[in-house]
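# Topology and contacts: notes
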Amino acid sequence: MKVMFNFSTSSDDVQRYADAQDFRSMAEGFDGVELMVFEPDERGVVPKDLVVGIHSAMPFMWADFWRNDRAALVREFGSMDKCHRFFGGSDPQVIADGVRRGFAAAHEYGAEYVVVHATDVLMEEMFTFDFARSDEYVIDALCEMLNEALVGEDGSVALLLENLWQPGFSFTRPEMTRRLLEGVGYGNTGIMLDTGHMLHTDLTLRTQEQGLAYVNRMLDEHGGLCQHVRGVHLNQSLTGEYCQQVMASFQGLPEADDQRWGRVFEHAFALDRHEPFTCKGVAQMLARLPLEYLTFEFISQDRQQHQGLLRQQWQALEADGFQRARTAHRGCSA
């Protein structure tokens, strides 16, 4: 098992480090990083040999665009012109191009896998949790898109599909997990299970212990499908009470685009906090899975805070008897 932390090439992240050697000092004790490529790393802060995985950027509201549902797109964006500006073009292939760029980055860095979010959501649904489209609709659209995007890939880079709490793949319905895995024709495909995202599918959870019990229950329900979980994004985010308050008070988004997007991103960060998962039993949960990759995935404001979060997660896992070797796998069934 390779243990990593998440990082990005955004200027906010790379400016924390003087150079590649400085970054290596931060990564000591880890096997590398899972990298999200936003902009060129012009100073070469992230050494290529440390990049184990690439997290592909996937826009939300993409499924209707891929399916060319113009009525739905006009309802969401107000006009097709605004829609095309959002996606960066009028051809639905721009969605597949985003996945292709993720794989191109993986080949450039020598990474072993690419992560793709396997859900979709409309803007107001982020606040209301009242989802108009089915899991089946989003999963089938995703399979169509991925099967086109990955034509020509030789299988040397794994595709790992990540769960969220929105329509599509949430890892709460085994039949949908199976539908997704069977629908993707790319042979080297697996799951990147995000523990924090799982917790948002049950807004009644209040403690880490309750959250861990819930994750274990979903693993139980998935049974043999757990063999496809090749990686974990380890974090927790217990914001169910916040979400319930937002759902009860939500009266719509501002009309002005800048205010609208500002409200969306403010809410997204308040909801999905990406904090260390530190309660007793997390290591045992991880040992149930045939993991190749474990990523400590946190949101931080600066280098010092990031180091503190990583240290906190390490200490909790080690106190819990964490075994780094993949041979710790004990099976998915309780």
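Before reading on, note that the structure itself is shown above.
None of these values were measured; they are calculated from a predicted model.

### Observations regarding the packing of aromatic side chains
Centre distance and the angle of the planes are the two values used to describe a pair of aromatic rings. Here the structure, examined in full by the defined rule, presents 23 aromatic pairs. For the pair phenylalanine 7 and tyrosine 17, a centre-to-centre distance of 5.8 Å together with 65 degrees between the ring planes defines the contact as edge-to-face. Of this pair, phenylalanine 7 sits in strand β1 (residues 2-8) while tyrosine 17 sits in the loop between α1 (11-14) and α2 (20-26); the two residues are 10 residues apart in sequence, bridging distant segments of the chain. For the pair shown, phenylalanine 7 and tyrosine 17 are each scored as buried. On the basis of an interplanar angle of 5 degrees and a centroid distance of 5.3 Å, the ring pair of phenylalanine 86 and tryptophan 261 is categorised as stacked.

### Regarding the pattern of salt bridges
Side chains carrying opposite charge are able to pair once their charged atoms draw close together. Applying the stated rule across the entire model yields 22 salt bridges. For the salt bridge of aspartate 140 with arginine 179, the shortest nitrogen-to-oxygen distance reads 2.9 Å. One end of the pair, aspartate 140, is in helix α8 (residues 135-149); the other, arginine 179, is in helix α9 (residues 174-183), and 39 residues separate them in sequence. Judged by its relative accessible area of 28%, aspartate 140 falls in the partly exposed class. The partly exposed category is assigned to arginine 179, whose relative accessible area is 34%. A salt bridge links glutamate 292 to arginine 230, with the shortest nitrogen-to-oxygen separation between them at 2.8 Å. In this pair, glutamate 292 is assigned in the loop between α14 (282-287) and β8 (293-296) and arginine 230 in strand β7 (residues 229-234), connecting sequence segments 62 residues apart. Residue classification places arginine 230 among the buried residues on the basis of a relative accessible area of 14%.

### Description of the sheet that holds strand β5 (residues 158-162)
One closed barrel holds the eight strands; their spatial order is β1-β2-β3-β4-β5-β6-β7-β8, and the pairing between them is parallel. Averaged over all adjacent pairs, the angle separating strand axes in this sheet is 30 degrees, with direction ignored. As paired elements, β5 and strand β6 (residues 189-194) share four bridges and run parallel to each other. Its bridge partner lying in β6, leucine 159 is registered against threonine 189.

### Focus: the packing of helix α12 (residues 240-249) against helix α13 (residues 257-271)
Put simply, α12 and α13 touch, their axes get as near as 9 Å, and they point 145 degrees apart. The residues of α13 that touch α12, namely those facing Tyr242, Cys243 and Val246, are His267, Ala270 and Leu271. Split by residue class, the contact of α12 with α13 holds five nonpolar, one polar and no charged.

About the criteria used
Residues numbered from 1 in each chain as written. Predicted model: local features only at pLDDT ≥ 70, side-chain atom pairs only at ≥ 80, totals over all residues. Heavy atoms only, no water. Phe/Tyr/Trp six-rings, centres within 6.5 Å; stacked < 30°, edge-to-face > 60°. Helix = DSSP H or I, 4+ residues; strand = E, 2+ residues; numbered from the N terminus. Buried < 20%, exposed > 50% of the residue type's maximum accessible area, 1.4 Å probe, protein only. Salt bridge = Lys/Arg side-chain N within 4 Å of Asp/Glu carboxyl O. Pairing = 2+ DSSP bridges. Axes fitted to C-alpha atoms, helices over the stretch in contact; angles between N-to-C directions. Contact = heavy atoms within 4.5 Å. Nonpolar A, V, L, I, M, F, W, Y, C, P; charged D, E, K, R; others polar.

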